Amino acid sequence: MSGHSQNSRWEAYHQKLQGRPARPTLRQALELFGQEARPVGADLAVDLGCGAGNDTLALLERGWNVVAVDQDPRAIQGLRASLPPGLQGRLQVQQATFETLEVPHALMFNASYSLPFCDPAAFPGLWAQLMERLLPGGRFAGQFFGERDGWAGRPGMNFHTRAEVEAMCRTLELEHFVEEDEEGPTALGGLKHWHVFHVIGRRPWDNPS
């Protein structure tokens, strides 16, 4: 697929998702945070692949400071334009790819259907950064694509077995781990086989890493 065609598909995807609720994994993670006291000053969340901005908006509305990351400048521009003025001051944006991103220390990493689009060669380094810079008591929420996913084998994407996902999350206390393996629609109206791991994990306070 040409770069122009790929960009057009991403633009259509973001437009299709505009205004939808935040992803269930993020909503559940926010509910878990709401049941406990956050450390003073630890209120930074990073939305990896912010896209249409629905998850970023949910985080801002819950009082978080947010770094929203996306490689598409139109996604960043659309997010800025859609936010109420009262929330703008707590938003930072980074136009960057996963392969070049410098990950900040944060209490929350949200990656709704985005990490599979990191190049396989760069993914281990990105994941290591996320686990290193997730603050104690912090959470990761997001998805990984499995080896039986209909897109498995696409260039520039990464896919994992259940055992690999469990190994990657070994430093986290898993609070939610659901494997989806079924046919279903895509956001753009097509049909594909989804093999997805939905994950919420918390870094323990005594985690030596």
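Refer to the structure printed above.
What you see is a predicted model; the values in this text were computed from it and never measured. (Residues numbered from 1 in each chain as written. Predicted model: local features only at pLDDT ≥ 70, side-chain atom pairs only at ≥ 80, totals over all residues. Heavy atoms only, no water.)

**Student:** Honestly, the pattern of salt bridges in this entry has me stumped. Any pointers?
**Tutor:** Any two side chains of opposite charge can pair, given that their charged atoms come close. Taken as a whole and judged by the stated rule, the model has twelve salt bridges. A salt bridge links Arg 139 to Glu 36; the shortest N-O distance between them is 2.8 Å. Note that Arg 139 is positioned in strand S5 (residues 134-145) and Glu 36 in the loop between helix H2 (24-34) and strand S1 (44-48), a separation of 103 residues in sequence. With a shortest N-O distance of 2.8 Å, Lys 192 and Asp 149 are connected by a salt bridge. Of this pair, Lys 192 sits in strand S7 (residues 191-202) while Asp 149 sits in the loop between S5 and helix H7 (162-168), and the two are 43 residues apart along the sequence. With respect to burial, Lys 192 and Asp 149 carry one shared label: buried. Through salt bridges with shared partners, a single ionic network connects Glu 147, Arg 148, Arg 162, Glu 166, Glu 179 and Asp 181. (Salt bridge = Lys/Arg side-chain N within 4 Å of Asp/Glu carboxyl O. Helix = DSSP H or I, 4+ residues; strand = E, 2+ residues; numbered from the N terminus. Buried < 20%, exposed > 50% of the residue type's maximum accessible area, 1.4 Å probe, protein only.)

**Student:** Is there a simple way to explain unusual backbone geometry in this structure?
**Tutor:** Of note in this structure, Tyr 113 is not a glycine but carries a positive phi near 55°. Among the structural elements, Tyr 113 can be located in the loop between strand S4 (106-111) and helix H6 (123-133).

**Student:** Could you clarify how one ought to interpret H2 in this entry?
**Tutor:** Owing to its 3.6 residues per turn, the α-helix brings residues three or four apart onto one side. By the burial criterion, the buried members of H2 are Thr 25, Leu 26, Ala 29, Leu 30, Leu 32 and Phe 33. Along the long axis of H2, the arc covered by the buried residues comes to 155°, so they all point the same way. Of the residues in H2, the exposed ones pointing more than 90 degrees away from the buried face are Pro 24, Glu 31 and Gly 34. Close packing links the buried residues of H2 with helix H3 (54-61), S4, S5, strand S6 (173-185) and S7. (Arc of directions from axis to C-beta. Contact = heavy atoms within 4.5 Å.)

**Student:** In this structure, what is going on with the sheet that holds S5? I would like to understand it.
**Tutor:** In any sheet, the strands associate via hydrogen bonds between backbone groups, in a parallel or an antiparallel arrangement. One open sheet holds the seven strands; their spatial order is S3-S2-S1-S4-S5-S7-S6, and the pairing between them is mixed. Strands with a single pairing partner mark the edges of an open sheet, and in this sheet they are strand S3 (91-95) and S6. Ignoring which end each strand starts from, the neighbouring axes of this sheet average 15° apart. Across five bridges, S4 lies against S5 in parallel orientation. Bridging from a neighbouring strand, Asn 110 pairs with Ala 141 of S5. Along the sheet face, H3 touches S1, strand S2 (65-70), S3 and S4 and points at about 170° away from the line of S2. Relative to the sheet, helix H4 (residues 73-82) contacts S2 and S3, its axis offset from that of S3 by approximately 165°. (Pairing = 2+ DSSP bridges. Axes fitted to C-alpha atoms, helices over the stretch in contact; angles between N-to-C directions.)

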